[in-house]
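# Results of the structural survey
Each chain, written out:
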Amino acid sequence: MWKFIHKLASPPHFYGLAAKIIPWFFLPGLILIIYGLYGGLLLAPPDYQQGDAFRIIYVHVPSAYLSLMAYSIMAISAGIGLIWRLKLAHAVAAAAAPIGAWFTFLALATGSLWGRPMWGTWWERGDPRLTSELVMLFLYFGYMALRGAIDDTAKADRASAVLALVGAVNVPIIHFSVEWWSSLHQGPTLMKKGGPAMDAAMLYPLLAMILGFTLIFGALLLRRVRTEVLYRERRTRWVRHLVLSSAVEKK
Amino acid sequence: MTAKLTADSLTLFRGERCLFENLSFALNPGELLLLEGCNGSGKTSLIRAIAGLIELESGEIYWDEQPVRRQRQVFNNELVWMAHRVGFKADLSLVENLRFESALRRDSRHDLDDILTRLNINRLKRLPVRSLSAGQQRRVALARMLMSAATLWMMDEPVTNLDREGRSLVMTLVSEHLARGGMVIMAAHQDIQIDFPVHTIQLQ
Amino acid sequence: MTDNQPEMPGLGRGMMAVAKRDLFLAWKRPGDVLNPLFFFAMVATLFPLAVGPSAEQLEFSGPGVLWVAALLAMLLSLNSLFVSDFEDGSLEQMLVSPVPLAALSLGKTIAHWLTSGLPLVIVAPILGMTFRMPASVMGVLMLTLLLGTISLSLLGSIGAALTVGLHRGTALLSLLILPLAMPLLIFGARTVSLAAAGDVVAGGLYFLAAYAVLIVSLAPFAIAAALRISNE
């Protein structure tokens, strides 16, 4: 078992293995998303309260969920890299950040779009989810900015790992504090938690979207990590061999 | 493995460059370890790595046969560090600086005045460090070494840019320390002549 | 720290030595202490001028404005927390010191709070008057700022430790700290607003206190780790 993990943590093995796994993530993910969009946008009945506007949850909810998941993966792999000194873990953290930031942006954009027909504004001050998503976006920016400001890769890895862990401790607190604040304000929320149970026709496409997005995220992450690994190991023998052999093939 | 200080297979990368690989040594009381090499050879990185300021890629350092990693405070108590940046607050006086430092160590010496007189800076002791010349500040750094009761002196290029008088002062103090059973690790780019066993590591 | 090492210098002694040294240094350079304080006062005074003298607006915006001004003033003071130590090499001496770096970091943060946080707490009620804040609310304001500035000192020190020695570290520090300081701002400002409205403030105060306890126990280790990395 340990041998398997050891092998996995070695960059060349990971590089090869990831290439094989990516299609298995990408294709099912794509299929699930197609089903989810079809089911959610066309088949599901309109909401009795919000009409057709609610359909944006089919993109908004998975994006928000993934923005959080990406941060968790980033923080956990950064922690693993810092404590157990695994270079591959640092590569995973570096790769996860921009993807997570994009999903956060998507969540914000779709959340804002949702708000428009609901409240007539692009931004509702009292909404807890949008506010904590915005803070999340800044956390991602901070992480990427810190990485960019440090030239030495190993040093950037470790400094940003400390930041990611500090952020991880704060993320639940941020969510909680915004919830408390909006409960005082008593404004409308995008998603009622203990609301009426969702119709099955509405729910299944949503679950499919969440799962589909997660698989796509996995595929994107693995692709990005492969590129990171290639860049970080660019002077090693196995990378040079890889580049040369593929160049020879092209001829 | 009965030496007081041993290092086993130290490896360090700096960015892409490998500075040193699988480097080992052993040092006993009364001995000097000389890290020799021209500028950029990695000798400063090596001495900083031994002092714990830089993380090694791999390798282990042992003090009294225990890994230093497991007894960081004990090891730090036994060593005193001297680098190019002397590490004194410019706004505070010599005396204030040294007194602060002895508060961070339990077993410092108490004869501050004697030490300062020996180093010929006693008359300067109430002046803020900013008004001392570079050479005088170096002597304050030497006072720090003497004030601490540390066994291991770690010095990064202590005689570079010193005149002959300064160099001989440093070497005299080092010799006295070694005679008392102390240990010295020194990074330098010139040859060091001393009447004590010297281990040399050449870095390219 | 263990029983069979009698010569280890005490944690508390090392921490207090650093705090005393920094306080002494701050006393020699009062400008460093006064600048953020003036900034706080200026921001708080500029707001009523810009917003207009309407009594309701002033009362309404008072807690928020004062809290944001305090947050920004603290950020200003955090910039230089480790810079001089980094440049003159005394940070490096702390890294090789037998006292654990976490304890020394806590000592520095204590001194920082005493020179940058506590003055804000003391001056706040005076500024509260320009926002027509009743005395009862001022008490809550001071309490929230007291707890909040303690947490901010520590949280900000982590950011300062990560960015010391970096190009354009100042802007980066703000980007790193502000998102993390959000909960403090929310709870701090809103608790004071609740007090102004006559509502219960216990919940907000308990949160600020709990957060402060959490940060005090965790931040020193993060600061130490960050300092080690930055000094390499």
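Remember, predicted model here, so these are calculated numbers, not experimental data.

### Brief notes about the overall build of chain C
From N to C terminus, chain C includes 9 helices and 0 strands. Listing each helix as α and each strand as β along chain C from the N terminus yields α-α-α-α-α-α-α-α-α. The C-alpha atoms of chain C give 19 Å as radius of gyration, which agrees with the globular expectation for 232 residues (17 Å, within 12%). Structurally, chain C occupies a C-alpha span of about 65 × 35 × 30 Å along its principal axes. Taking all contacts inside chain C whose residues are at least 6 apart in sequence as the whole, residues at least 24 apart take part in 82%. A total of about 9,400 Å² of accessible surface is found on chain C, and carbon and sulfur atoms cover 70% of it. With 10 positive and 12 negative side-chain charges, chain C shows a separation of 4 Å between the mean positions of the two kinds.

### Focus: the overall build of chain B
Scanning chain B from terminus to terminus reveals 6 helices and 9 strands. Its C-alpha radius of gyration of 17 Å places chain B within 12% of the 17 Å reference for a compact globule of 204 residues. Principal axes of the C-alpha set define a box for chain B whose edges measure 50 × 35 × 35 Å. Considering chain B as a whole, with its 204 residues, one finds that 58% of them fall into the buried category. Across chain B, the fraction of contacts at a sequence separation of at least 24, relative to all contacts at a separation of at least 6, is 70%. In the structure as shown, chain B presents an accessible area of about 8,900 Å², 45% of it carried by carbon and sulfur atoms. Separation between the mean location of the 25 positive side-chain charges and that of the 25 negative ones in chain B comes to 7 Å.

### Considering the pairing of strand S7 (residues 152-156) of chain B
Residues and elements named next belong to chain B. Burial runs high along S7: 5 of the 5 residues are buried. Burial of S7 is two-sided: the residues Leu152, Met154 and Asp156 facing one way and the residues Trp153 and Met155 facing the other way are all buried. Alignment of strand S6 (residues 79-82) against S7, held across 4 bridges, turns out to be parallel. Bridge pairing links Met82 to Met155 in S7. Where S7 lies against strand S8 (residues 183-188), 5 bridges are found, and the strand directions are parallel. If you follow Asp156 over to S8, its bridge partner there is Ala187.

### Points about the interface of chain A and chain C
Facing the 28 residues of chain A at the interface are 27 residues of chain C. Across the interface of chain A and chain C, roughly 2,400 Å² is buried in total on both sides, 82% from carbon and sulfur atoms. Of all residues in chain A, A:Lys155, A:Arg158 and A:Trp180 bury the most surface against chain C, accounting for 21% of the area lost on that side. Put simply, chain A and chain C have 1 salt bridge between them. A salt bridge links C:Glu232 to A:Arg158, with the shortest nitrogen-to-oxygen separation between them at 2.9 Å. Across the contact surface, chain A and chain C share 4 residue pairs in polar contact (both at pLDDT 80 or more).

### Observations concerning the side chain of B:Lys43
Residue and element names in this part refer to chain B. Counting through the fold element by element, Lys43 comes out in helix H1 (residues 43-51). Take Lys43: its relative accessible area is 2%, and that puts it in the buried class. For Lys43, the side chain forms a polar contact with the main-chain oxygen of Gly37, separated by 3.1 Å. Setting aside its immediate chain neighbours within four residues, Lys43 contacts Leu35, Glu36, Gly37, Cys38, Glu157, Ala187, Ala188, His189 and Leu203.

### Considering the side chain of B:His177
All names here are of chain B. Secondary-structure assignment places His177 in helix H6 (residues 164-179). Within polar-contact distance, the side chain of His177 engages the backbone oxygen of Thr151 at 2.8 Å. For His177, the contacting residues outside a window of four places in its chain are Ala150, Thr151, Trp153, Gly182, Met183 and Val184.

### Regarding the packing of helix H6 (residues 101-130) of chain C against helix H7 (residues 135-163) of chain C
Residues and elements named next belong to chain C. Interhelical geometry of H6 versus H7 gives an angle of 150 degrees and a closest axis separation of 9 Å. Between H6 and H7, the interaxial angle falls into the category roughly antiparallel. The element H6 and its partner H7 pack so that their crossing is right-handed. For the pair H6 and H7, the contacting residues are Leu106, Thr109, His112, Trp113, Gly117, Leu118, Leu120, Val121, Ala124, Pro125, Gly128 and Met129 in the first and Met138, Leu141, Met142, Leu145, Leu146, Thr149, Ile150, Ser153, Leu154 and Ser157 in the second.

### Structural notes on the interface of chain B and chain C
Opposite the 31 residues of chain B that make contact, chain C presents 34 residues. Approximately 3,000 Å² of surface area, both sides summed, lies buried where chain B meets chain C, with 52% of it carried by carbon and sulfur atoms. Listed by contribution, the elements that provide at least two residues to the side of chain B that touches chain C are H1, helix H2 (72-78), S6 and helix H3 (94-103) of chain B. Here the element with the most residues in the side of chain B that touches chain C is H3(B); it accounts for 5 residues. Within the side of chain B that touches chain C, the residues separate by chemical class into 13 nonpolar, 5 polar and 13 charged.

### A few points about the pairing of strand S3 (residues 32-36) of chain B
Residue and element names in this part refer to chain B. Most of S3 is tucked away: 5 of the 5 residues are buried. The alternating pattern of S3 places Leu32, Leu34 and Glu36 on one face and Leu33 and Leu35 on the opposite face, and all of these are buried. Sheet topology note: the S3/S8 ladder contains 5 bridges and is parallel. Of the residues in S8, the one forming a bridge with Glu36 is Ala188. When S3 meets strand S9 (residues 198-202), the two strands line up parallel, connected through 5 bridges.

### Thoughts on H1(B)
All names here are of chain B. Within H1, 8 of the 9 residues are buried, which leaves it mostly tucked inside the rest of the structure. Buried within H1 are the following residues: Lys43, Ser45, Leu46, Ile47, Arg48, Ala49, Ile50 and Ala51. Phi for Gly52, located one or two positions after H1, is positive at around 90 degrees.

### Some points on the packing of aromatic side chains
Residues and elements named next belong to chain A. Per the counting criterion, the structure on display carries 12 aromatic pairs over all chains. An angle of 50 degrees between the planes, with centres 5.9 Å apart, marks the rings of Phe103 and Phe213 as tilted. Taken together, the positions of Phe103 in helix H4 (residues 87-119) and Phe213 in helix H7 (residues 200-232) put the pair 110 residues apart, joining distant regions of the chain. The same class applies to Phe103 as to Phe213, namely buried.

### Description of a nonpolar patch on the surface
A cluster of nonpolar side chains, namely A:Leu37, A:Tyr38, A:Leu41, A:Leu42 and A:Leu43, defines an oily patch on the protein surface of about 500 Å² accessible area. Positionally, A:Leu37 belongs in helix H2 (residues 11-43).

### Here's the deal with the nonpolar core
By size, the foremost hydrophobic cluster in this structure holds 179 residues, and its most contacted members are B:Leu5 and B:Ile185. Sorting elements by how many residues they give to this core places helix H8 (residues 169-197) of chain C first, with 14 residues. Every residue in contact with B:Leu5, bar those within four places of it in the chain, is listed here: B:Phe25, B:Ala26, B:Leu27, B:Ile61, B:Tyr62, B:Trp63, B:Phe75, B:Leu152, B:Met183 and B:Ile185. Grouped together as the second largest cluster of nonpolar side chains are 40 residues, B:Val129, B:Leu169, B:Leu173 and B:Ile194 included.

Parameters at a glance
- Residues numbered from 1 in each chain as written.
- Chains lettered and ligands numbered in written order.
- Predicted model: local features only at pLDDT ≥ 70, side-chain atom pairs only at ≥ 80, totals over all residues.
- Heavy atoms only, no water.
- Helix = DSSP H or I, 4+ residues; strand = E, 2+ residues; numbered from the N terminus.
- Rg over C-alpha atoms; globule rule 2.2 N^0.38 Å.
- Contact = heavy atoms within 4.5 Å.
- Areas by Shrake-Rupley, 256 points an atom, 1.4 Å probe, with all protein chains shown as cover.
- Lys, Arg positive; Asp, Glu negative; His and termini not counted.
- Charge placed at Lys NZ, Arg CZ, Asp CG, Glu CD.
- Buried < 20%, exposed > 50% of the residue type's maximum accessible area, 1.4 Å probe, protein only.
- Pairing = 2+ DSSP bridges.
- Buried area = accessible area lost by both parts, 1.4 Å probe.
- Salt bridge = Lys/Arg side-chain N within 4 Å of Asp/Glu carboxyl O.
- Polar contact = N/O pair within 3.5 Å; in protein donor to acceptor, adjacent residues only side chain to side chain.
- Axes fitted to C-alpha atoms, helices over the stretch in contact; angles between N-to-C directions.
- Parallel < 35°, antiparallel > 145°, perpendicular 65-115°, else oblique.
- Left-handed = near helix turned anticlockwise from the far one by under 90°.
- Nonpolar A, V, L, I, M, F, W, Y, C, P; charged D, E, K, R; others polar.
- Phe/Tyr/Trp six-rings, centres within 6.5 Å; stacked < 30°, edge-to-face > 60°.
- Patch = residues over 30% accessible without salt bridge, like charges linked within 9 Å, V, L, I, M, F, W, Y side chains within 5 Å.
- Core = buried A, V, L, I, M, F, W, Y, C linked by side-chain atoms within 4.5 Å.

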